[in-house]
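Below, each chain spelled out in residue letters.
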Amino acid sequence: MSELFEANLENLRIRDEWVLALRELMDQIKQWVNETQQEQALIVQERSLAKDEQYIGGYTAPALTLTAENRNIEVLPVGRFAIGPIGRVDVTNYRLSHTLLYSSKKGWASLEQRKPLTKSLFFELVQSML
């Protein structure tokens, strides 16, 4: 196989891994919201974003809108190579944003908190934006 073909295969693998990681993150957030529906009056809307990145090309990425108290919080994929080899998702109400970073070895973590993403940390971030 040529080096170019192998590089393209590797880029497709990275893209597929990234999209899967995004889907798993969005599914996890939806599950957390469902588990805390009594405490948090959040409405979750799913949508898809068309993304196109150097190296991995075009793909469809999942995104979420969380609505509470007439305020929207977006969970938006920024990119797979947003910070070097690490993927990035922003949780934002467009006045305040929190950055989640993805590493295939370590999973999702909060950039500001420097901690792995957990249910309680996620709701702490959301609460700061309401």
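For the structure itself, look to the data block above.
Residues numbered from 1 in each chain as written. Predicted model: local features only at pLDDT ≥ 70, side-chain atom pairs only at ≥ 80, totals over all residues. Heavy atoms only, no water.

Below, the discussion takes up the overall build of the protein. What the protein contains, in helices and strands, is two helices and seven strands. When its helices and strands are written in sequence order, the protein yields α-β-β-β-β-β-β-β-α. For the protein, the C-alpha radius of gyration of 16 Å lies close to 14 Å, the compact-globule estimate for 130 residues. Dimensions of the protein, computed from C-alpha atoms along their principal axes, come out at roughly 55 × 30 × 25 Å. Looking at the protein as a whole, 42% of its 130 residues qualify as buried. Taking the contacts inside the protein whose residues are at least 6 apart along the sequence as the reference set, 45% of them involve residues at least 24 apart. Of the roughly 7700 Å² of accessible surface on the protein, 50% is carried by carbon and sulfur atoms. If the 15 positive side-chain charges of the protein are averaged to one point and the 17 negative ones to another, these points end up 4 Å apart. (Helix = DSSP H or I, 4+ residues; strand = E, 2+ residues; numbered from the N terminus. Rg over C-alpha atoms; globule rule 2.2 N^0.38 Å. Buried < 20%, exposed > 50% of the residue type's maximum accessible area, 1.4 Å probe, protein only. Contact = heavy atoms within 4.5 Å. Areas by Shrake-Rupley, 256 points an atom, 1.4 Å probe, with all protein chains shown as cover. Lys, Arg positive; Asp, Glu negative; His and termini not counted. Charge placed at Lys NZ, Arg CZ, Asp CG, Glu CD.)

Further remarks concern the packing of aromatic side chains. Under the counting rule described, the total for this entry stands at six aromatic pairs. Their ring planes at 75° and their centres at 5.6 Å tell us that Phe122 and Phe123 sit as a pair that is edge-to-face. The pair Phe122 / Phe123 is uniform in exposure class, with both members buried. Every member of this aromatic cluster is reached through a ring pair, and the members are Trp18, Tyr102 and Trp108. Above the face of the Phe81 ring, Arg80 is positioned so that its terminal group lies 5.1 Å from the ring centre. (Phe/Tyr/Trp six-rings, centres within 6.5 Å; stacked < 30°, edge-to-face > 60°. Lys NZ or Arg CZ within 6 Å of the ring centre and 35° of its normal.)

What follows deals with the sheet that holds strand E1 (residues 43-53). Pairing in this open sheet of seven strands is antiparallel, and the strands run E1-E2-E3-E4-E5-E6-E7 from one edge to the other. Each edge of the open sheet is held by one strand with a lone partner, namely E1 and strand E7 (115-116). By the bridge criterion, six bridges tie strand E3 (residues 71-83) to strand E4 (residues 86-92) in an arrangement that is antiparallel. For Val75, the partnering residue across the bridge sits in E4 and is Val91. (Pairing = 2+ DSSP bridges.)

Let us look at the nonpolar core. Counting residues in each nonpolar core, the largest one holds 31 residues, and the members touching the most others are Ile29, Leu66, Trp108 and Phe122. Within the residue set of this core, elements represented by two or more residues are helix H1 (3-35), strand E2 (57-68), E3, E4, strand E5 (97-103) and helix H2 (119-129). It is H1 that provides the largest number of residues to this core, a total of ten residues. Excluding its chain neighbours within four sequence positions, the residues that come into contact with Leu66 are Ile29, Val33, Leu42, Ile43, Val44, Arg71, Asn72, Ile73, Val75, Phe122 and Val126. (Core = buried A, V, L, I, M, F, W, Y, C linked by side-chain atoms within 4.5 Å.)

Moving on to the environment of Ala21. Residue position: Ala21 is located in helix H1. According to the relative accessible area criterion, Ala21 is buried, its value standing at 3%. Each C-alpha atom of the pair Ala21 and Val126 lies 20 Å from the other, and the pair is 105 residues apart in sequence. Apart from residues no more than four positions distant in its own chain, Ala21 is found in contact with Tyr102 and Trp108.

Moving on, we come to the pattern of salt bridges. Under the defined criterion, the tally for this structure stands at nine salt bridges. A salt bridge links Arg88 to Asp90, with the nearest nitrogen and oxygen atoms 2.9 Å apart. Judged by its relative accessible area of 25%, Arg88 falls in the partly exposed class. Shared partners join several salt bridges into a network, and the residues in it are Glu10, Arg13, Glu17 and Arg80. (Salt bridge = Lys/Arg side-chain N within 4 Å of Asp/Glu carboxyl O.)

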